[in-house]
Amino acid sequence: MQIYYFTRSGRSQKIAGELAARYGVQAEQIKDGKDWQGIGGYIKACYVAIKGQSLPGVYKIPGEDSPIALVFPIWAGTFPPVVRQFISAVGRERIICIPTSGGSKLKDRGGFSKVIDLVGANIAAPAEL
Ligand SMILES: Cc1cc2nc3c(=O)[nH]c(=O)nc-3n(C[C@H](O)[C@H](O)[C@H](O)COP(=O)(O)O)c2cc1C
């Protein structure tokens, strides 16, 4: 199992860390080099997500050999731009998609090997992938 995450406020990172510890691997961060902090960052993040934008990411290229668990926050009902790019680079069929959110489930869920929604204030790493 390979574990990847993108995070703005740490919730997805925590889940990825728990999964990585369980599988004895490193949780690999996906970075986009942007500053999404503060209210300005939040509004910008909603805007680019709604527009369906993609952004190039910096991350370790995943190996071909094992499935990929991808943990990330839902932004405006959909993928953050760098997550959208990662998914299209890697291919949905190799990805176990683990969106974290305050209240919504992922809408665009077709093609992934699995989708495990982690919804609400209290989320925990899924017992099984
Ligand atoms: C720009 C932005 C948009 C969001 N949009 C949604 C949303 O549409 N539905 C929802 O339930 N939560 C939404 N959230 C809440 C996050 O998905 C949730 O807090 C997530 O677990 C944060 O993960 P992180 O700490 O790894 O960044 C949004 C958060 C941000 C920053």
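What counts and how
Residues numbered from 1 in each chain as written. Predicted model: local features only at pLDDT ≥ 70, side-chain atom pairs only at ≥ 80, totals over all residues. Buried ≥ 20, exposed ≤ 12 C-beta atoms within 10 Å, placed from the backbone. Helix = DSSP H or I, 4+ residues; strand = E, 2+ residues; numbered from the N terminus. Pairing = 2+ DSSP bridges. Right-handed = clockwise from strand over helix to strand, strands pointing away. Contact = placed C-beta atoms within 7 Å. Expected span 1.5 Å × (residues − 1). Core = buried A, V, L, I, M, F, W, Y, C linked by C-beta atoms within 7 Å.

Caption draft 1: Summary view of the pairing of strand E1 (residues 2-5). Of the two faces of E1, the one carrying Gln2 and Tyr4 and the one carrying Ile3 and Tyr5 are both buried. Note that E1 and strand E3 (residues 68-73) share four bridges and pair parallel. Residue pairing in the sheet places Tyr5 in a bridge with Val71 of E3. Handedness of the crossover joining E1 and strand E2 (residues 27-29) through helix H1 (residues 11-23) is recorded here as right-handed.

Caption draft 2: Expanded view of helix H3 (residues 81-90). Where H3 is concerned, the buried positions are Pro81, Val82, Val83, Arg84, Phe86 and Ile87. If you follow the buried residues of H3, they end up packed against helix H2 (38-50), E3 and strand E4 (95-101). Directly beyond the C-terminal end of H3, a positive phi value near 100° is found at Gly91.

Caption draft 3: Seen up close, H2. For H2, which comprises 13 residues, the first-to-last C-alpha distance of 18 Å matches the rise-based estimate of 18 Å (1.5 Å per residue) to within 8%. Looking at the residues trailing H2, positive phi occurs at Gly52, about 75°.

Caption draft 4: Representation of the nonpolar core. Of all hydrophobic cores here, the largest spans 30 residues; its most connected members are Tyr5 and Leu70. Secondary-structure elements contributing two or more residues to this core are E1, H1, H2, E3, H3 and E4. Among the elements that make up this core, the one with the highest residue count is E3 (five residues).

Caption draft 5: Inspection of the pairing of E4 at higher detail. Most of E4 sits inside the fold, with six of its seven residues counted as buried. Handedness of the crossover is the feature at issue here: the chain leaves E3, passes through H3, returns alongside E4, and the resulting connection is right-handed. Across two bridges, E4 lies against strand E5 (residues 114-115) in parallel orientation. By the bridge assignment for E5, Cys97 is matched with Val115. Sheet analysis places E4 next to strand E6 (residues 118-119), joined by two bridges and oriented parallel. Across the sheet, Ser101 pairs through a bridge with Val119, a residue of E6.

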